[in-house]
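If you want the building blocks of each chain, they are given just below.
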Number of protein chains: 2
Amino acid sequence: MEIYAGVDVGGTNIVCGLVTPSGEVVHQIKRATEVSKGPDAILEKIASMIEEAAAGFAGRSGAAVSVTAAGIGLPGFVDPEEGIARFAGNLGWRNLPAAQRLQARLNLPVYIDNDVRTYVFGEAMYGAGKGFKDVLGLTVGTGIASAMVNDGRLYYGYRNMAGELGHIVMEGLSDPCPCGLQGCLETYASASGMVRQAKKRIQSGEASILQEWYPGERLEDLAAADLSRAYDQGDPLARSVMEKAGTLLGRALSYAVPLYSPELIIVGGGGALAGDRLLEPLRKELYSRILPDYREGLRVATALNNDDAGVTGSAMYAKQRHAASV
Amino acid sequence: MEIYAGVDVGGTNIVCGLVTPSGEVVHQIKRATEVSKGPDAILEKIASMIEEAAAGFAGRSGAAVSVTAAGIGLPGFVDPEEGIARFAGNLGWRNLPAAQRLQARLNLPVYIDNDVRTYVFGEAMYGAGKGFKDVLGLTVGTGIASAMVNDGRLYYGYRNMAGELGHIVMEGLSDPCPCGLQGCLETYASASGMVRQAKKRIQSGEASILQEWYPGERLEDLAAADLSRAYDQGDPLARSVMEKAGTLLGRALSYAVPLYSPELIIVGGGGALAGDRLLEPLRKELYSRILPDYREGLRVATALNNDDAGVTGSAMYAKQRHAASV
């Protein structure tokens, strides 16, 4: 039985799934990452999770399960050719030969890539992008990042650094970004960015139902989902923050469309949960700023398998790399 | 002897060259396009120019010359897979099966593509981009367009429409663009755009040496090269127009860099003749708006073979397509 392991490594959790060659997740487990225990412990956890998932699925299905290859989606800068995690701030990794280490430990082919790329690969090939040839995917969460898939191939660019949509500097924004620039798209339009803008405006005295929900110091607990709730109750501040974020996303995408020419744009990550609250202003801004030739063909959709795309994408990415290597 | 024909078809002239497999142009001829004579006449002219160039080079070199394959760079929207010129406004072509027609007439493999892509392919592979893996090229002329070459492969996108850098709508610009949008980059930063802005400012009463050179109605004759001349004499209006154009180019490229991650940006076309007058403000704006990780590796250069890149690129594009087909 041909089966692939897909692992999505985040700063909080690691999710590991077994995926059929057609992209179906048949077994999945989740564990805390425990960043504080260091790189060796995390690598060992990834390896044992793959073994545990294989054993679990074998027990359930009654068949012998031998994983063909494993794909790992890692945060930060990843060199997929060399198999090295160049830099992952929230894991504390730097130049870690993760693929070789896991390959030696598990005795099976292991391929690594950046987690946004594997997520977008999963959505583009087995989610909302199924059947489309040129797909631009973005994740709207703590930050904003993107990846482009053309005809089943991920786009990488020099040093595999393509896709930093969130660090496009936008006219009219001026907040400092941890990256060192000012006015990056993600300072406003990411899920965290929207929350930060809402807090700032509440603290400067603007009225909002959010203030009733989170009075005083409790404002710290405000989350992106609260903005959607307040939006639905007609809260002007929540509406203003989300509309501006959607507009900014649309504007940044109006720069991406003439360059990449996607047929479909998929919005994923936590921000996808905001749905049309973000997508309506996004589409309005985007379609008003692109050539008619783009406008006619282009669709914008939210992710179909937001929770699973990282696992599916990592596993199917391993399948693709493995097929190319044999 | 393995030799390729490369043809660059413009609204004014057609240039046809014979190119060795290593990208050296060994013979070249140029004829007026004569658009008014219609598509059949232009196709016949392209075919007979290829024959004439082969005969001319055979006569000069004393060797028998048999062209292996021909590549044609055409303006407008081109479908290179189908070999169809979808739409070329300045040639008056629409859905013309140019590749098949020329192939039947010449009895040799003919490949067509958009002229900016073939030009950028030539510069990326055999010009300023030689040795670089991820190259973004742009032409600054009547309009502005771009193409991306990764590891020797041109990037196309949906409907082969990637690379319309000139139709990114820029904040702060509002002039109407013939495309139907307002404030496209090329309304200001193309060679024609700069001339138009200079004329507008002179007509609204701004002082400039250009007014002395082109008094009254003669202002119509103002060309992009005059702006460079006036710039060198310290003319404030020419300096202001070129600096703003360079800044806008740099800003648009600051959107392209996080998306494509090029290692090298090549500025070609007529605008490349402006050299540092454009590139200095371009670099200043670009480098101030991109992540340090991009800034460190990225270079910006003018085209090396501005005149020949279209011919070299078309011929070497034919070589690549031909090699993939046999």
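Just so it is clear, the structure is predicted and the values come from calculations on it, not from any experiment.

1. Here's the deal with the overall build of chain A
Consideration 1: The helix and strand tally for chain A stands at 11 helices and 13 strands.
Consideration 2: A globule of 326 residues ought to have a C-alpha radius of gyration of about 20 Å, and chain A, at 20 Å, matches this closely.
Consideration 3: By principal-axis analysis of the C-alpha atoms, chain A measures approximately 60 × 50 × 40 Å.
Consideration 4: Approximately 12,900 Å² of chain A is accessible, and the part contributed by carbon and sulfur atoms is 48%.
Consideration 5: Charge-centre separation for chain A: the mean point of 31 positive side chains lies 1 Å from the mean point of 37 negative side chains.

2. Describing the pairing of strand S9 (residues 134–140) of chain A
All names here are of chain A.
Consideration 1: Burial within S9 is extensive, with 7 of its 7 residues counted as buried.
Consideration 2: Every second residue of S9 is oriented toward a common face, with Asp 134, Leu 136, Leu 138 and Val 140 on one face and Val 135, Gly 137 and Thr 139 on the other, all of them buried.
Consideration 3: The pairing of S9 with strand S10 (residues 144–150) spans 7 bridges and is classified as antiparallel. Within S10, the residue paired with Val 135 across the bridge is Val 149.
Consideration 4: In this antiparallel pair of consecutive strands, S9 and S10, the connection spans 3 residues.

3. Things to note about the packing of helix H5 (residues 191–203) of chain A against helix H8 (residues 236–260) of chain A
The relative placement of two packed helices comes down to the angle between their axes together with the axis-to-axis distance.
Residues and elements named next belong to chain A.
Consideration 1: Here H5 crosses H8 at 140 degrees, and the two axes come no closer than 10 Å. With respect to each other, H5 and H8 are oriented oblique. Taken as a pair, H5 and H8 cross one another with a handedness that is right-handed. For the pair H5 and H8, contact is made by Met 194, Ala 198, Arg 201 and Ile 202 and by Leu 237, Ser 240, Val 241, Met 242 and Ala 245, respectively.

4. Quick word on the domain arrangement of chain A
Residue and element names in this part refer to chain A.
Consideration 1: Here the domain parsing of chain A yields domain 1 (3–123 + 307–325) and domain 2 (129–302).
Consideration 2: One C-alpha centre belongs to domain 1, the other to domain 2, and the line joining them spans 27 Å.
Consideration 3: At the junction of the two partners, domain 1 supplies 13 residues and domain 2 supplies 20 residues.
Consideration 4: Between domain 1 and domain 2, the buried area comes to about 1,300 Å², and carbon and sulfur atoms account for 65% of it.
Consideration 5: Counting across the interface, domain 1 meets domain 2 through 0 salt bridges.
Consideration 6: At the junction of domain 1 and domain 2, the tally comes to 5 residue pairs in polar contact (both at pLDDT 80 or more).
Consideration 7: Counting residues per element, the side of domain 1 that touches domain 2 draws most heavily on helix H3 (residues 115–126), at 6 residues.

5. Some thoughts on the interface of chain A and chain B
Consideration 1: The partner chain B presents 41 residues to the 41 residues of chain A that form the contact.
Consideration 2: For the chain A and chain B pair, buried surface summed over both sides reaches about 3,600 Å², with 60% attributable to carbon and sulfur atoms.
Consideration 3: Our count for the contact surface shared by chain A and chain B stands at 4 salt bridges.
Consideration 4: For Glu 171 of chain B, the salt bridge goes to Arg 289 of chain A, with nearest N and O atoms at 2.8 Å.
Consideration 5: The interface formed by chain A and chain B contains 24 residue pairs in polar contact (both at pLDDT 80 or more).
Consideration 6: Elements that contribute at least two residues to the side of chain A that touches chain B include exactly S10, H8 and helix H10 (292–297) of chain A.
Consideration 7: Among the residues making up the side of chain A that touches chain B, the classes are represented as 22 nonpolar, 8 polar and 11 charged.

6. Remarks on H3 of chain A
Residue and element names in this part refer to chain A.
Consideration 1: A rise of 1.5 Å per residue sets the reference length of H3, with its 12 residues, at 16 Å; its end C-alpha atoms lie 16 Å apart and thus fit the reference within 8%.
Consideration 2: Counting buried residues along H3, 10 of its 12 residues qualify, which places the element largely inside the surrounding structure.
Consideration 3: What H3 keeps buried is the set Asp 115, Val 116, Arg 117, Thr 118, Tyr 119, Val 120, Phe 121, Gly 122, Glu 123 and Ala 124.
Consideration 4: The backbone nitrogen of Val 116 has a side-chain oxygen 2.8 Å away, supplied by the residue at the start of H3, namely Asn 114.

What counts and what doesn't
- Residues numbered from 1 in each chain as written.
- Chains lettered and ligands numbered in written order.
- Predicted model: local features only at pLDDT ≥ 70, side-chain atom pairs only at ≥ 80, totals over all residues.
- Heavy atoms only, no water.
- Helix = DSSP H or I, 4+ residues; strand = E, 2+ residues; numbered from the N terminus.
- Rg over C-alpha atoms; globule rule 2.2 N^0.38 Å.
- Areas by Shrake-Rupley, 256 points an atom, 1.4 Å probe, with all protein chains shown as cover.
- Lys, Arg positive; Asp, Glu negative; His and termini not counted.
- Charge placed at Lys NZ, Arg CZ, Asp CG, Glu CD.
- Buried < 20%, exposed > 50% of the residue type's maximum accessible area, 1.4 Å probe, protein only.
- Pairing = 2+ DSSP bridges.
- Axes fitted to C-alpha atoms, helices over the stretch in contact; angles between N-to-C directions.
- Parallel < 35°, antiparallel > 145°, perpendicular 65-115°, else oblique.
- Left-handed = near helix turned anticlockwise from the far one by under 90°.
- Contact = heavy atoms within 4.5 Å.
- Domains from an automatic or database assignment.
- Buried area = accessible area lost by both parts, 1.4 Å probe.
- Salt bridge = Lys/Arg side-chain N within 4 Å of Asp/Glu carboxyl O.
- Polar contact = N/O pair within 3.5 Å; in protein donor to acceptor, adjacent residues only side chain to side chain.
- Nonpolar A, V, L, I, M, F, W, Y, C, P; charged D, E, K, R; others polar.
- Expected span 1.5 Å × (residues − 1).

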